[in-house]
Amino acid sequence: MPTFDPCRSLRKLAYNNALANNRLHAACACLAPGEFEATRVSFFPSIKATLNHILTVDWFYVDGLEGGALGPKAWEVEEPYDNIADLARAQAAVDQRLVALAEALTPESMMSTVDLHRSGRIQQERMEDVLGHLFQHQTHHRGQVHAMLAGSSVAPPQLDEFIVADDARFRGDEIAALGWSEDMLMR
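This is a predicted model, so every value here is computed, not measured.

Enquirer: For this particular structure, what's the right way to read the packing of aromatic side chains?
Expert: One pass over the full model with this rule turns up 5 aromatic pairs. Taken together, a centroid distance of 4.8 Å and an interplanar angle of 90 degrees make the contact between Tyr 15 and Trp 180 edge-to-face. Linking Tyr 15 in helix H1 (residues 8-28) with Trp 180 in the loop between helix H6 (168-177) and helix H7 (182-186), this pair joins segments that are 165 residues apart in sequence. Comparing Tyr 15 with Trp 180, the two get one shared label, buried. Between Phe 60 and Trp 75, the aromatic rings sit 4.8 Å apart at their centres with planes inclined by 50 degrees, giving tilted as the arrangement. With Phe 60 in helix H2 (residues 47-65) and Trp 75 in the loop between H2 and helix H3 (84-103), this pair connects stretches of sequence that are 15 residues apart. Assessed through its relative accessible area of 2%, Phe 60 is described here as buried. Chaining the aromatic ring pairs together yields one cluster made of Phe 60, Tyr 61 and Trp 75.

Structure, rendered in structure tokens:
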């Protein structure tokens, strides 16, 4: 019988987050000219704006989780990337930082306090709560991009599955491209 690991779910969420972002960006790379920045109905007015928002908020939270003090400088430029290729590379880099952070989690670190540098104040939260908030934020806005893709020339990718063993046959090439293995995801 395996030993219970309280950090396992957060590790799997970090991997799932990176995989979902990878799938979403691959789909967006196939958009026809003008569709990435086209005005659409959603919380943010375009796929471009929404994906940039996901990225800049990730910069803010991942930096805070790592002990940094980037704070609101993370979104000084509201849309730092004008094209999906550069945006996808930047998102993959911050996703890798989040995976590394999740890989290093311990029960003690999950209960530690994270300082989030806000404008004029420092918000203090438990690490596990910040991670939960970040994964919720990502899922929420990826869903908006998914819906916006439904009104484009590109079919929305599969995002609603979680990393379970039975789905390994559907993600082999993606996992290999990300440099992961199924053993990493299932432990």
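So, next bit.
Enquirer: Would you explain the pairing of strand S2 (residues 121-126) in this entry?
Expert: As a general feature of sheets, a regular strand has side chains that alternate between the two faces. Sheet analysis places strand S1 (residues 113-118) next to S2, joined by 6 bridges and oriented antiparallel. What sits directly across from His 117, in S2, is Ile 122.

Enquirer: Quick question: what am I supposed to make of the packing of H1 against H3 here?
Expert: Packed helix pairs are characterised by how far apart their axes lie and by the angle those axes make with each other. In the contact formed by H1 and H3, the axes pass within 9 Å of each other and the chain directions differ by 170 degrees. Taken as axis vectors, H1 and H3 run roughly antiparallel relative to one another. Side by side, H1 and H3 meet where Leu 10, Arg 11, Ala 14, Tyr 15, Asn 17, Ala 18, Asn 21, His 25 and Cys 28 of the first sit next to Ile 84, Leu 87, Ala 88, Gln 91, Asp 95, Leu 98, Val 99, Ala 102 and Glu 103 of the second.

Thresholds, definitions, all that
Starting from 1, residues in each chain are numbered consecutively following that chain's sequence as written. Two thresholds apply to this predicted model, a pLDDT of at least 70 for residue-level local features and 80 or more for giving and counting side-chain atom pairs, whereas whole-chain, interface and lining totals are computed over all residues. Just so you know, side-chain values use all the structure's heavy atoms and leave hydrogens and water out. Here is the rule: rings of Phe, Tyr and Trp (six-membered ring for Trp) pair when centre to centre is within 6.5 Å. Planes less than 30 degrees apart are stacked, more than 60 are edge-to-face, and the remainder are tilted. Strands are runs of DSSP state E lasting at least 2 residues, helices are runs of H or I lasting at least 4, and numbering of each runs from the N terminus. Accessible area is worked out with a 1.4 Å probe on protein chains only. A residue is then buried under 20% of its type maximum, exposed over 50%, and partly exposed in between. Strands pair, by our definition, only if DSSP identifies at least two bridges between them. Where helices are involved, their axes are fitted lines through C-alpha atoms of the stretch in contact, as for all axes, and angles between N-to-C directions lie from 0 to 180°. For classification purposes, angles smaller than 35 degrees are called roughly parallel, those larger than 145 roughly antiparallel, those between 65 and 115 roughly perpendicular, and all remaining angles oblique. For this analysis, residues touch if any pair of their heavy atoms sits within 4.5 Å.

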